[in-house]
Amino acid sequence: MKIPYKQPKKFPLWSKVNTKSSGSKRYHLAQNGVSAVFDENSLLPHANHIEMAGLQCSSIISYKVDENRNLSLYRFVVFPNLRVIPNNTHGSLCYAFPSVDLQINGEIEKVNEVHFDGILQFSSQTKNANLTRCMFVSRDKKALIEEIVIDAHNDSKLKISNACKTKRISSLYLADSKSAELKTCAFFDSKPVDSDSITIKKGRHILYLAYCAEEFSSVDIEKEKEKRLSLIDELSGKLKITTPSSFINQEISLAKLRASESIFMTKNGLMHSPGGGGYYAALWTNDQCEYANPLFAYLGYETAQEQSLNCYKLYSSLSSKTKAIYTSIIAQGEDYWHGAGDRGDSSMFVYGFARYLLTTGDRNNAEKYLTALEDACVYIMSKMNSDGVIESDSDELENRFESGKANLSTAVNSYDAFISMSYIERELGRQDKADEYLDFAQKIKNGIHSYFEANVEGYETYRYCKEENRLRSWICLPLTVGIFDRLDGTLSALQSDKLKKPCGLLTRSGEKTFWDRSLLYALRGMFYAGKANEALDYLTEYTQERLFGEHCPYPVEAFPEGNAAHLSAESALYVRIFTEGVAGFRPIGFKSFELKPSIPDAWNNFIIENFQYDGKNLTINMSRNDEMIDVSISEISFNKKVNQNEKLIVSL
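Residues numbered from 1 in each chain as written. Predicted model: local features only at pLDDT ≥ 70, side-chain atom pairs only at ≥ 80, totals over all residues. Heavy atoms only, no water.

J.: Explain the overall build of the protein chain to me, please; I cannot follow it from the model alone.
T.: Secondary structure summary: the protein chain contains 14 helices and 36 strands in total. Its C-alpha radius of gyration of 25 Å places the protein chain within 12% of the 26 Å reference for a compact globule of 652 residues. Residue pairs at least 24 apart in sequence account for 65% of intrachain contacts in the protein chain once pairs closer than 6 positions are excluded. When the accessible area of the protein chain is evaluated, it comes to approximately 23400 Å², of which 44% is carbon and sulfur surface. Separation of charge centres in the protein chain, based on 76 positive and 84 negative side chains, amounts to 4 Å. (Helix = DSSP H or I, 4+ residues; strand = E, 2+ residues; numbered from the N terminus. Rg over C-alpha atoms; globule rule 2.2 N^0.38 Å. Contact = heavy atoms within 4.5 Å. Areas by Shrake-Rupley, 256 points an atom, 1.4 Å probe, with all protein chains shown as cover. Lys, Arg positive; Asp, Glu negative; His and termini not counted. Charge placed at Lys NZ, Arg CZ, Asp CG, Glu CD.)

This is the structure we're talking about:
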């Protein structure tokens, strides 16, 4: 007999993202993050949600400050390696923990400020005390942790409701005991709370709350906070990108954290997963193979690099000459999901893995996985139709929108994949194979010209597929791989009111849906195409909306689907605007890469520190020198003066 499991709501009704307020500035730049102040002049109520993750836990915290500055919190917590539904993408154990409410001398707290820098912090007060509430996910345990510092002005009575609660979740699919205990553990001044009413003395006190799926009585919660802070600090120094814009720099720093934290321990190794309340302990060919892992190759974060190689290893076992690689490896690697058919998944796999191998400079792994890559290439080649384009059943949006028999996304990914594969084959001394792949890449490029180029809604750009007669945001994709033939028309279409809205870039003209991933690709493509000034205007507007707007501080997946969830790989795409867009980075060998500076007129300098290539940490400095750009890499004594958007080759 199956024991039913009902997943709780990811978001309370009051946390629905308000896209009507796009363009407003709710938050401001603060120390290492963003803050919002609430006072008599604030427009209230305000609601937001933020996701945070550790190796065994992820949590979406929804918060609301009402007209009276009262705080509401909704704690949706996911435990990815506790499975309650067998071999199901959404089968992770989830729970919305009951709110633990505080009263001091019968009075509830009034919020003054919210701050986020990787830890969510609320500053509030009552007549008798000041409170600072910090919320963060444990680095390596199954727990969301809340630290509440109470500075009491005088002796007071503290009332704590819903503390020390236990909920048993039963399912035949949970390992061993078939049930899991979900606990709210409370510690006041380091002692377990055994009463809902505590007399406190004047002075400083700390209440710890752990919303967990394991016993927390023996855990040093102070060390848990230290581990979270250590992760934040470590990632801030990895791939440190500095532009003349302080708020863009801040968004880059936060995006690195969100991109990197969503990595989970599973029975089949580390897995980077999107999050969003439903996508954990699983891998996708787009989010992981295509979006995140190429960033992790040069980010220099060892945990991310380990999971990247594990991801590609697991997908390599699925590579075939005769069928597409499965879309998703789910349930800790125990099963697969292929519900949308061939989305161009083999192309996404080769695109990302080839770039990853070139960047890490790992000849041994290139040789080890060459057969898997070549098998996937054979399959891709078999899907070229008589029009010279690669066919696929759908695309990465899985038939949410028209993708026809052959779509631009699969075509562009395939083109870039074969370019990268030609570099790998050349590095391995297989020049004939390298030439074969370059020839096939040219055939795909010719097909892109003949099949996709069109006048769409008055713009000389690309049709997304033969069956589509409206503009689509993915027309930006050719720009990201150096195909600029329709640059002006494509740029005009992307900036037109048919696609560009204050909330984001519409997926299709005439619709209300937007997905940030296409906008992030568009920004990268605009920079890479040399349209740096236009790109900067768009980037500035977008970054201010995501960092300072009503729903901060990360790039989002989509809206209305998913309530604009902070999916992890979108943050990876934000960082890649600067590496592959502004800097024009492209790996071309195990010890060589291209740069193509695209620096806006408003910027005199652009720096990337701790850029890892072939195991070396490089500092890439691009400085404006009259009409030229000085490019230097001190670690290898590289200095060149080039024109804006001019390619140069760097050899280590």
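J.: Please explain helix H13 (residues 532–548) as it appears in this structure.
T.: Side chains that are three or four residues apart share a direction in an α-helix, a result of its 3.6 residues per turn. Over its 17 residues, H13 extends 23 Å from the first C-alpha to the last, a length consistent with the 24 Å expected when each residue adds 1.5 Å. Of all the residues in H13, the buried ones are Ala532, Ala535, Leu536, Tyr538, Leu539, Tyr542, Thr543, Glu545, Arg546, Leu547 and Phe548. (Expected span 1.5 Å × (residues − 1). Buried < 20%, exposed > 50% of the residue type's maximum accessible area, 1.4 Å probe, protein only.)

J.: Looking at this model, I keep getting lost on the pairing of strand S31 (residues 592–595). Mind explaining?
T.: Taken residue by residue, a regular strand's side chains alternate between the two faces of the sheet. Covered by surrounding structure in S31 are Ser592 and Glu594 together with Phe593 and Leu595, the residues of both alternating faces. Connecting strand S30 (residues 586–589) to the antiparallel partner S31 that follows it, the hairpin turn spans two residues. One ladder, built from four bridges, connects S31 with strand S36 (residues 648–651); its direction is antiparallel. Each bridged residue has a counterpart across the sheet, and for Phe593 the counterpart in S36 is Val650. (Pairing = 2+ DSSP bridges.)

J.: How do you make sense of helix H7 (residues 370–382) when you look at a structure like this?
T.: For H7, which comprises 13 residues, the first-to-last C-alpha distance of 18 Å matches the rise-based estimate of 18 Å (1.5 Å per residue) to within 8%. For H7, every residue scored as buried is listed here: Leu370, Ala372, Leu373, Glu374, Asp375, Ala376, Cys377, Tyr379 and Ile380. Elements that come into contact with the buried residues of H7 comprise helix H4 (302–316), helix H5 (345–360), helix H6 (363–368), helix H8 (408–427) and helix H9 (431–452).

J.: Got a minute to help me understand the nonpolar core in this structure?
T.: What tends to happen in soluble globular proteins is that the nonpolar side chains get buried as a cluster. Core analysis: the largest hydrophobic core is formed by 202 residues, its most contacted members being Leu120, Phe349, Tyr574, Phe578, Leu595 and Phe606. Here the element with the most residues in this core is H8; it accounts for 10 residues. Apart from the residues lying within four places of it in its own chain, the contact partners of Phe349 are Cys289, Tyr312, Tyr315, Ser316, Ile325, Ala372, Leu373 and Ala376. In this structure, Ile60, Phe76, Phe264 and Tyr280 belong to the second largest nonpolar core, which totals 10 residues. (Core = buried A, V, L, I, M, F, W, Y, C linked by side-chain atoms within 4.5 Å.)

J.: Got a minute to help me understand the sheet that holds strand S12 (residues 156–161) in this structure?
T.: In any sheet, the strands associate via hydrogen bonds between backbone groups, in a parallel or an antiparallel arrangement. Strands sit in the order S7-S12-S16 across an open sheet of three strands; the sheet is antiparallel. The open sheet has two edge strands with one neighbour each: strand S7 (101–104) and strand S16 (197–200). The sheet shows a mean angle of 20 degrees between the axes of neighbouring strands, taken without regard to direction. Note: S12 against S16, four bridges, orientation antiparallel. Within S16, the position partnered with Leu158 by the bridge is Ile198. (Axes fitted to C-alpha atoms, helices over the stretch in contact; angles between N-to-C directions.)

J.: How should the pattern of salt bridges be read in this particular structure?
T.: Note on pairing: side chains with opposite charge can pair once their charged atoms come close. Within the structure shown, the criterion is met by 39 salt bridges. Ionic pairing is found between Arg508 and Glu511, a salt bridge with its closest N-O pair at 3.3 Å. In this structure, Glu570 engages Arg517 in a salt bridge whose closest nitrogen and oxygen atoms are separated by 2.9 Å. Of this pair, Glu570 sits in helix H14 (residues 568–582) while Arg517 sits in helix H12 (residues 516–528); the two residues are 53 residues apart in sequence, bridging distant segments of the chain. By the burial criterion, Glu570 is buried, and Arg517 matches it. Beyond isolated ion pairs, a larger network of salt bridges with shared partners links Arg343, Asp345, Glu398, Arg400 and Glu561. (Salt bridge = Lys/Arg side-chain N within 4 Å of Asp/Glu carboxyl O.)

J.: Could you clarify how one ought to interpret a negative patch on the surface in this entry?
T.: Where like charges cluster on the molecular surface, the negative patch consists of Asp233, Glu234, Glu302 and Glu306. Contributing elements (two or more residues each) for the negative patch: helix H1 (221–237) and H4. With respect to the helices, strands and loops of the structure, Glu234 is situated in helix H1. (Patch = residues over 30% accessible without salt bridge, like charges linked within 9 Å, V, L, I, M, F, W, Y side chains within 5 Å.)

J.: Just to check I follow, could you spell out the packing of helix H2 (residues 246–261) against helix H3 (residues 285–299) for this structure?
T.: A pair of packed helices is captured by two measures, namely the crossing angle of their axes and the spacing between those axes. At their nearest, the axes of H2 and H3 sit 11 Å apart, and the two run at 110 degrees to each other. When the axis of H2 is compared with that of H3, the two are roughly perpendicular. Of the two elements, H2 crosses H3, and the hand of that crossing is left-handed. Where H2 approaches H3, its residues Lys256, Ala259 and Ser260 are matched on the opposing element by Leu295, Phe296 and Leu299. Across the contact of H2 with H3, the residue classes break down as four nonpolar, one polar and one charged. (Parallel < 35°, antiparallel > 145°, perpendicular 65-115°, else oblique. Left-handed = near helix turned anticlockwise from the far one by under 90°. Nonpolar A, V, L, I, M, F, W, Y, C, P; charged D, E, K, R; others polar.)

J.: Please explain the environment of Asp66 as it appears in this structure.
T.: By the secondary structure assignment, Asp66 is in the loop between strand S4 (58–65) and strand S5 (71–83). When the C-alpha positions of Asp66 and Gly584 are compared, they lie 46 Å apart, and in sequence the two are 518 residues distant. Contact partners of Asp66, with chain neighbours within four places excluded, come to Leu44 and Pro45. At a separation of 2.8 Å, a polar atom in the side chain of Asp66 contacts the main-chain amide nitrogen of Asn68. In this structure the side chain of Asp66 is engaged in a polar contact, spanning 2.9 Å, whose partner is the backbone nitrogen of Asn70. (Polar contact = N/O pair within 3.5 Å; in protein donor to acceptor, adjacent residues only side chain to side chain.)

J.: Explain the state of the cysteines to me, please; I cannot follow it from the model alone.
T.: Every disulfide links exactly two cysteines, by a covalent bond between their sulfur atoms. Throughout the structure, instances matching the rule amount to zero disulfides. With no disulfide of its own, Cys289 lies 4.0 Å from the sulfur of Cys311, the closest cysteine sulfur. Look at Cys289 and you get buried, because its relative accessible area is 0%. Cysteine Cys377 is unpaired, with the sulfur of Cys289 as its nearest cysteine sulfur at 14 Å. Look at Cys377 and you get buried, because its relative accessible area is 0%. (Disulfide = S-S within 2.5 Å.)

J.: When you look at the environment of Asn604 in this model, what are you seeing that I'm missing?
T.: By the secondary structure assignment, Asn604 is in the loop between S31 and strand S32 (605–613). Judged by its relative accessible area of 53%, Asn604 falls in the exposed class. Along the chain, Asn604 and Pro244 lie 360 residues apart, while their C-alpha atoms are 7.7 Å from each other. Among all residues touching Asn604, those that are not within four sequence positions of it are Pro244, Met622, Ser623 and Arg624.

J.: What's the story with the packing of aromatic side chains in this structure? I'm lost.
T.: Any two aromatic rings considered together are summarised by their centre-to-centre distance and by the angle between their planes. Tallied over the full model, the rule gives 30 aromatic pairs. With centroids separated by 5.2 Å and ring planes inclined at 80 degrees, the aromatic side chains of Tyr63 and Phe122 adopt a geometry described as edge-to-face. With Tyr63 in strand S4 and Phe122 in strand S9 (residues 120–125), this pair connects stretches of sequence that are 59 residues apart. Judged on exposure class, the residue Tyr63 and its partner Phe122 are both buried. (Phe/Tyr/Trp six-rings, centres within 6.5 Å; stacked < 30°, edge-to-face > 60°.)

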